[in-house]
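# Chains, contacts and geometry: an overview
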Amino acid sequence: MASKILYVCQEITPYLPETEGSRLCRALTQAMQERGNEIRTFMPRYGCINERRHQLHEVIRLSGMNLIIDDNDDYFSRKAVLTDGADNYFQDNDERAIFFARGVLETVKKLRWTPTVVHCHGWFTAVVPVYLKRIFADDPIFRDVKVVV
């Protein structure tokens, strides 16, 4: 039986430089889809991602969708991922991770897509299971979901 797997990733290649984590997310999502599973993948749209090179475009089905979360363009418009040029972590990474996690789960709800598994990759996604078990525990979309971190 095929699963419906939601991947929440901190980084994925080729959108960001290759690391062990970005390669794993790319390979795992592709392999699971090739095995007949239905997948959805979310990664922050960091400001350093070249949208033209990767042919990213707005998905028509998502345009105009209103999510009730405190929007803040400052979180992801900067031209870096998690650290500044001197390898210092951004002071607001916790807020950025919370914003991203809530945004992913609210988007999945709006799509009315019920995953059987939520697979989180990278410390930046670690708040997703907390939301699923505390805030979204009684939501029919996530009620029976299994979580992998």
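A short tour of the structure in this document, coming up. (Residues numbered from 1 in each chain as written. Predicted model: local features only at pLDDT ≥ 70, side-chain atom pairs only at ≥ 80, totals over all residues. Heavy atoms only, no water.)

## Some details on the nonpolar core
To keep things clear, this is the line we draw: Residues belong to a common nonpolar core when they are buried Ala, Val, Leu, Ile, Met, Phe, Trp, Tyr or Cys residues joined through side-chain atoms within 4.5 Å. Buried residues are those whose accessible area, probed at 1.4 Å on protein chains only, stays under 20% of the maximum for their type, while exposed residues exceed 50% and partly exposed ones sit between those limits. The numbering of helices and of strands both runs from the N terminus, where a helix is a DSSP run of H or I of at least 4 residues and a strand a run of E of at least 2. Contacts: residue pairs with any heavy atoms within 4.5 Å of one another.
Judged by nonpolar contacts, the single largest core of 34 residues is most densely connected at Leu6, Tyr46, Leu105, Val108, Val118, Val128 and Phe142. Top contributing element to this core by residue count: helix α2 (residues 93-111), with seven residues. Residues contacting Phe142, with those up to four places away along its chain left out, are Leu105, Val108, Lys109, Pro115, Leu132 and Phe136.

## Looking at the pairing of strand β1 (residues 4-9)
Worth spelling out the cut-off: In short, DSSP must find at least two bridges between two strands for them to pair. By the criterion used throughout, a crossover qualifies as right-handed when its path from the first strand across the helix to the second strand runs clockwise, the strands pointing away from the viewer.
Among the six residues that make up β1, five are buried, leaving the element largely enclosed by the rest of the structure. Relative to strand β2 (residues 38-42), β1 runs parallel, the two being bridged by five bridges. When the sheet's bridge partners are listed, Leu6 is paired in β2 with Arg40. The handedness of the β1 to β2 crossover, carried by helix α1 (residues 20-34), is right-handed.

## As for the packing of aromatic side chains
Using the following cut-off: Two rings belonging to Phe, Tyr or Trp (six-membered ring only in the last case) form a pair when the distance between their centres is within 6.5 Å. Interplanar angles under 30 degrees mark stacking, angles over 60 mark edge-to-face geometry, and anything in between is tilted.
Evaluated as defined, the whole model comprises eleven aromatic pairs. Ring geometry for Phe76 and Phe124: centres 6.3 Å apart, planes at 80°, overall edge-to-face. One end of the pair, Phe76, is in the loop between β2 and α2; the other, Phe124, is in the loop between β3 (117-121) and α3 (127-134), with 48 residues separating them in the sequence. A single burial state applies to Phe76 and to Phe124, both of which are buried. Pairwise contacts between aromatic rings join Tyr46, Tyr75, Phe76, Tyr89, Phe99, Phe100, Trp123 and Phe124 into one cluster.

## Quick word on the side chain of Thr13
Turning to its location among the elements, Thr13 is positioned in the loop between β1 and α1. The exposure class assigned to Thr13 is buried, which follows from its relative accessible area of 10%.

## Details of the sheet that holds β3
Let me state the cut-off plainly: Only the stretch in contact is used when fitting a helix axis, every axis being a line fitted to C-alpha atoms; angles between N-to-C directions are given from 0 to 180 degrees.
Pairing in this open sheet of four strands is parallel, and the strands run β2-β1-β3-β4 from one edge to the other. Of all the strands in the sheet, just β2 and β4 (146-148) have a single pairing partner and so form its edges. Going from strand to strand, the sheet's axes swing by 20° on average, the running direction of each strand aside. Sheet strands touched by α2: β1 and β2. Its angle to β1, the strand with the most contacts, is close to 155°. Along the sheet, α3 makes contact with β1, β3 and β4, crossing β3 at roughly 150°.

## Digging into the pattern of salt bridges
Stated precisely, the cut-off is as follows: For salt bridges, the criterion is a side-chain nitrogen of Lys or Arg within 4 Å of an Asp or Glu carboxyl oxygen.
Under the definition given, this model contains five salt bridges. Residue Arg40 is joined to Glu38 by a salt bridge in which the shortest nitrogen-to-oxygen separation is 3.1 Å. A relative accessible area of 28% places Arg40 in the partly exposed class. Note on Glu38: relative accessible area 34%, which makes it partly exposed. A salt bridge links Lys109 to Asp139; the shortest N-O distance between them is 3.0 Å. Pair noted here: Lys109 is in helix α2 and Asp139 is in the loop between α3 and β4, with a separation of 30 residues, a long-range link. On the basis of relative accessible area, Lys109 is assigned to the partly exposed category, the value being 29%.

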